[in-house]
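Single-letter residue listing:
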Amino acid sequence: MKYSKSTFSQEYGYESHIIQALLCEIGSKMGFRIWLPKADREHVKAASASDYSDDLLETLPLQYNDVTVRIIEQIDVLWLKLNGRSIARAFEVEYTTAIYFGLLRMADLVALQPDMHILAPEERQSEVMKQFRRPVFSMLDTGPLSSRGSIIGYSDIGKLAETPHLQHMSDAILSETELIAHD
């Protein structure tokens, strides 16, 4: 699927579902197992141009307590390593929840997950950056959340989805597209 601002609306639904679908497609091509919250699955599949259902997990086989798993299950997209037991990347798509709540979920996972990303449309990135820098996220015992996460633009994910040979690339390619929220 090719992403542009005009891609969403009546044809596919919410823009956030298209971004989630692109993340699923990219992750699947790169060889990851995929997690989507159950409430989003139908909408995201409808917005997707490819079939990644073989890589979509029905349950999260993570070995955390029930409270932690319930938090993790609400993250917009997870890429899990092939064993399905360790998270490679976590993505919160801005617009599916308030920026603050997405960042709170990321902060909850700071001890568990090093590579977390907030995806935001370009016109909202400064607001996301402002929230990222709030004291509650800057003064964590483990260091600022901004040192463990990044902001990625919707159009950057669209470009990445169009990259040929994704199946031969590593998720490290995300570092080329991220905007780190450092002061």
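The structure this text deals with has already been given above.
A brief structural summary.

What counts as what
- Residues numbered from 1 in each chain as written.
- Predicted model: local features only at pLDDT ≥ 70, side-chain atom pairs only at ≥ 80, totals over all residues.
- Heavy atoms only, no water.
- Core = buried A, V, L, I, M, F, W, Y, C linked by side-chain atoms within 4.5 Å.
- Buried < 20%, exposed > 50% of the residue type's maximum accessible area, 1.4 Å probe, protein only.
- Helix = DSSP H or I, 4+ residues; strand = E, 2+ residues; numbered from the N terminus.
- Contact = heavy atoms within 4.5 Å.
- Salt bridge = Lys/Arg side-chain N within 4 Å of Asp/Glu carboxyl O.
- Axes fitted to C-alpha atoms, helices over the stretch in contact; angles between N-to-C directions.
- Left-handed = near helix turned anticlockwise from the far one by under 90°.
- Nonpolar A, V, L, I, M, F, W, Y, C, P; charged D, E, K, R; others polar.
- Pairing = 2+ DSSP bridges.

1. A short note on the nonpolar core
In step 1: The biggest cluster of nonpolar side chains holds 29 residues, and the ones touching the most others in it are L23, I26, V77, W79, L119 and I157.
In step 2: Broken down by secondary-structure element, the contributors of at least two residues to this core are α1 (15-29), α2 (41-47), β2 (77-80), β3 (87-93) and α7 (154-161).
In step 3: Broken down by element, the residue count for this core peaks at seven residues, all from α1.
In step 4: Beyond its immediate stretch of four places on either side in the chain, L119 contacts I19, L23, F91, E92, V93, E94, I152, Y154 and I157.
In step 5: Counting 19 residues, the second largest nonpolar core, distinct from the first, contains L57, A120, F137 and L145.

2. Focus: the pattern of salt bridges
In step 1: Under the definition given, this model contains two salt bridges.
In step 2: The shortest N-O distance in the salt bridge between E58 and R41 comes to 3.4 Å. On the criterion of sequence distance, the pair formed by E58 in the loop between α2 and α3 (66-73) and R41 in helix α2 is long-range, its members being 17 residues apart.
In step 3: Take E58: its relative accessible area is 52%, and that puts it in the exposed class.
In step 4: R89 serves as the salt-bridge partner of D171, at 2.8 Å between the closest nitrogen and oxygen. Remark: R89 occurs in strand β3 and D171 occurs in the loop between α7 and β6 (178-179); sequence separation between them is 82 residues. Note on accessibility: D171 and R89 belong to one class, buried.

3. Observations regarding the packing of α1 against α7
In step 1: For the pair α1 and α7, the least separation of the axes is 10 Å and the interaxial angle reads 40 degrees. Read as a crossing pair, α1 and α7 show a hand that is left-handed. On α7, the residues touching E15, S16, I19, L22, L23, I26 and K29 of α1 are Y154, I157, G158, L160 and A161.
In step 2: When grouped by side-chain class, the residues that make up the contact of α1 with α7 number eight nonpolar, two polar and two charged.

4. Describing the side chain of D171
In step 1: A residue is classified by how much of its surface remains accessible, and D171, at 16% relative accessible area, is buried.
In step 2: Leave out the neighbours within four places in its chain, and D171 touches M30, F32, W79, A88 and R89.

5. Quick word on the pairing of β3
In step 1: Counting buried residues along β3, seven of its seven residues qualify, which places the element largely inside the surrounding structure.
In step 2: Pairing analysis gives four bridges linking β2 to β3, with the strands arranged antiparallel. If you follow W79 over to β3, its bridge partner there is R89.

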